[in-house]
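Here is how the chains run, residue by residue.
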Amino acid sequence: MALWETGFSLFYPTLVALLVVFLTRSAFVGLLTGALSGSALLAEGNLFEAISVLWGDQFLPIFGSEWKISALVFTLVLGGFVALVEAGGGLQMLIYRLLGKGRAPAKRMQLTVFGFGLLVFFDGLANTMMIGRMLRSAADRCGVSRVKLAYLADTTGSAVACLAFISTWIAFQLSMIRQGYEAVGQEVSAYGLFFKSMPMNFYCWFALILAVVCVLRNFNPGLMGRREAEARKGLELATTEDAPATGSHWLLAILPIGVLTLSIPVASYVIGAETLWPISLSKFAAAYGAAENYVPRILMGSSALAAIVAAVACLLRNQRSDSEKIAIASVFFGGVRDLLKPIAILLAAWMLGAAISLLGVADLLGGLLEGRLPIGFLPAVIFFLGALISFSTGTSWGTMGVLMPLAIPVTFALAGGSEMGDVEPYIVAAIGAVFSGAVFGDHCSPFSDTTIVASIAAGIEPMEHFWTQLPFAILAAAVAALVGFVPLGFGVSVWVCLALGSLLLFGLSFLFSRN
């Protein structure tokens, strides 16, 4: 394919998807149209061949991926699980106790959302789905806009999962680091490099810090400020009359949520550890990596177990009669039914991502790294390319899969050395830049599954979530690039970069925040 044709294919499916989304106000129709336009390019304009490509190369492979099947099952079961937790009444009591009767229920509500986001560290998709679905009614009562809820849930989703050393991401991240070193014929402790790169994952850190700043300082740039002002107009302070009805207890919510949160790391440890005792942090992390192939089944099993516990807790409330037990099944399947629309959107997003991948978009962008440039600028360039790829494709894992095996050999070449000790500081900076760039698109791309799931879980349109979240993502990315990766590449301490970036974000909130 000629260079200009490759450049055209780079943006065509994405632009078509965006245009149709704007015209129809439907994320599903836009994503599906973008996927079809990509298949038409692959089929060189032959309509029947394009449909064949759409079906055989973009749709059917979804069901050949155990990871994607587990994501679908996990999401659907989680919808029923959340419905059961809500029906049990314990969630309302828990939120009521957390929020209390203070003078700033909106701020406390947002801090509660952020805290829940840190708690559900094991998977970004689970995080955004659980938080948005479970807390949106409470957000309405506290005067917090749905778009703000979606932003906080989305921010604490992929960013926390990328930083967590025990998560559904970690096995893939480690395998990409190993693959990069295999390209230069070396073996390495992938976990060791991952831990060293964690402070250099500037976008994730600054995105989380900015979320705290926007809550504490009421810093809401762009359209978010208008939506928050509208939500505050109907604000009603919680009173004792707002308490949930008697018969519910906060443990009815804590127990099933705890089962869901803990069963995944515990099951991974039991499966992956050679011996269960003694327990250590390093052993726990290594066990999670060893259980990589079992993670999809662990996700499905944990969600099913948590749903069963939630159903039992719901039945225990006031010891409901046998006739009411039938209603429990209705509640569960009602929650599943509510997620059929986001599942359809998720499938369309995967189909579009497959078309973009088949067109070689990521390879073209990744090839820009092959030119010579000063080694000090390499982390910033890697971050920029990662952000561009992830935003265009909506996939963080795809971005890591393209950039990591390329960034590590290029870093070796530009550093001008072959000994690991000589190039390791540049390597860990490159690893952090790849992770940061990948999460940027996962955080704010209109084609990202977490963007879509977070918006629908919060009860808003995906494009509304995209536009209100975009200023925060751009601000965090700008600080990550200018105060993080550029100084880091020229020898400034990572801790100095983190401190300066954090101070800058707080300082901007003092300059521009409006109450």
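Everything here concerns the structure above.
Let me begin by describing the structure that accompanies this report. Numbers given for residues are sequential positions, taken from 1 along each chain in its written order. Selection of residues for local features in this predicted model requires a pLDDT of at least 70, selection of side-chain atom pairs for listing and counting requires 80 or more, and totals for whole chains, interfaces and linings are taken over all residues. Note: side-chain values were computed over all heavy atoms of the structure, leaving out hydrogens and water.

1. Considerations on the overall build of the protein chain
By definition, any uninterrupted DSSP run of H or I lasting at least four residues is a helix, any uninterrupted run of E lasting at least two residues is a strand, and each is numbered from the N terminus. Counting its regular elements, the protein chain contains 24 helices and 0 strands. For the protein chain, the share of sequence-separated contacts (at least 6 apart) that also reach a separation of at least 24 residues comes to 78%. Note on contacts: a residue pair is in contact if any heavy atoms of the two residues lie within 4.5 Å.

2. Structural notes on the pattern of salt bridges
Take a side-chain nitrogen of Lys or Arg and a carboxyl oxygen of Asp or Glu: if they are within 4 Å of each other, that pair is a salt bridge. Across all of its chains, the model carries 5 salt bridges by this definition. Note that Asp 140 and Arg 146 form a salt bridge whose closest N and O atoms lie 2.7 Å from each other. With a 1.4 Å probe rolled over the protein chains alone, any residue whose accessible area is under 20% of its type maximum counts as buried; one over 50% counts as exposed, and the rest are partly exposed. Here Asp 140 falls in the partly exposed class, since its relative accessible area comes to 38%. Taking the shortest distance from any N to any O, the salt bridge between Glu 230 and Arg 227 comes out at 3.7 Å. Of this pair, Glu 230 and Arg 227 both sit in helix 12 (residues 223-233), 3 residues apart, which is roughly one turn of the helix. What emerges from the salt-bridge pattern is a single network uniting Arg 227, Glu 230 and Glu 464.

3. Side note on the nonpolar core
Phe 81, Ile 177, Phe 202 and Tyr 203 are the most contacted members of the largest nonpolar core, which totals 121 residues. In this structure, Phe 202 is in contact with Ser 436, Ala 480, Gly 484, Phe 485, Leu 488, Val 494, Cys 497 and Leu 498, ignoring residues within four places of it in sequence. To form a nonpolar core, buried Ala, Val, Leu, Ile, Met, Phe, Trp, Tyr and Cys residues must be joined to one another through side-chain atoms within 4.5 Å. Core analysis: the second largest hydrophobic core is formed by 21 residues, Leu 31, Ile 345, Ala 348 and Leu 352 among them.

4. Some points on the side chain of Ser 37
Its place among the elements puts Ser 37 in helix 2 (residues 27-42). Under the relative-accessibility criterion, Ser 37 is labelled buried at 8%. The contacts of Ser 37, once residues within four sequence positions are left out, are Tyr 12, Pro 13 and Val 16.

5. With respect to helix 17 (residues 340-358)
For helix 17, spanning 19 residues, the distance from its first C-alpha to its last is 27 Å, which sits close to the expected 27 Å at 1.5 Å a residue. Taking burial as the measure, the 19 residues of helix 17 include 14 buried ones, the bulk of the element. By definition here, a helix of n residues has an expected span of 1.5 Å times n minus one.

6. Quick word on unusual backbone geometry
Not every positive phi belongs to a glycine, and Asn 218 is a case in point at roughly 55°. Here Asn 218 is to be found in the loop between helix 11 (202-216) and helix 12. A relative accessible area of 22% places Asn 218 in the partly exposed class.

7. Here we look at the environment of Leu 60
By the element assignment, Leu 60 lies in the loop between helix 3 (47-59) and helix 4 (66-88). In this structure, the C-alpha to C-alpha distance between Leu 60 and Met 351, residues 291 residues apart in sequence, is 9.3 Å.

8. Digging into the packing of aromatic side chains
Given two aromatic rings, their pairing is described by the distance between the two centres and the angle made by the two planes. Pairs were defined over the aromatic rings of Phe, Tyr and Trp, the Trp ring being its six-membered one, requiring ring centres within 6.5 Å. Orientation was assigned from the angle between planes: stacked under 30 degrees, edge-to-face over 60, tilted for the rest. A full pass over the atoms with the stated rule returns 14 aromatic pairs. Summarising the aromatic geometry, the rings of Tyr 203 and Phe 440 are spaced 5.6 Å apart at their centres and angled 80° between planes, so their arrangement reads as edge-to-face. You can see Tyr 203 sitting in helix 11 and its partner Phe 440 sitting in helix 21 (residues 420-444), a full 237 residues away along the chain. Its relative accessible area of 10% is what places Phe 440 among the buried residues. Taking the centre distance of 6.4 Å and the plane angle of 35° together, the rings of Phe 391 and Phe 440 count as tilted. Of this pair, Phe 391 sits in helix 19 (residues 378-393) while Phe 440 sits in helix 21; the two residues are 49 residues apart in sequence, bridging distant segments of the chain. Clustering of aromatic rings is evident, with ring pairs tying together Tyr 203, Phe 391, Phe 440, Phe 466 and Trp 467. Geometrically, a charge over a ring is one whose NZ (Lys) or CZ (Arg) sits within 6 Å of the ring centre while staying within 35 degrees of the ring normal. Here the guanidinium or amino end of Arg 217 rests over the ring plane of Phe 510, the centre of that ring lying 3.8 Å away.

9. Some remarks on the packing of helix 8 (residues 146-163) against helix 23 (residues 462-489)
Axis definition: a line fitted to C-alpha atoms, limited for helices to the stretch in contact. Angles are taken between N-to-C directions and run from 0 to 180 degrees. Look at helix 8 against helix 23: their axes get within 9 Å of each other, and the N-to-C directions meet at 60°. Relative to helix 23, the crossing made by helix 8 is right-handed. The residues of helix 23 that touch helix 8, namely those facing Val 147, Ala 150, Tyr 151, Asp 154 and Thr 155, are Glu 464, His 465, Thr 468, Gln 469 and Phe 472. Within the contact of helix 8 with helix 23, the residues separate by chemical class into 4 nonpolar, 4 polar and 2 charged. Left-handed describes a crossing whose near helix is turned anticlockwise from the far helix by less than a right angle; the clockwise case is right-handed. Each residue gets one label: Ala, Val, Leu, Ile, Met, Phe, Trp, Tyr, Cys and Pro are nonpolar, Asp, Glu, Lys and Arg are charged, and the others, such as Gly, are polar.

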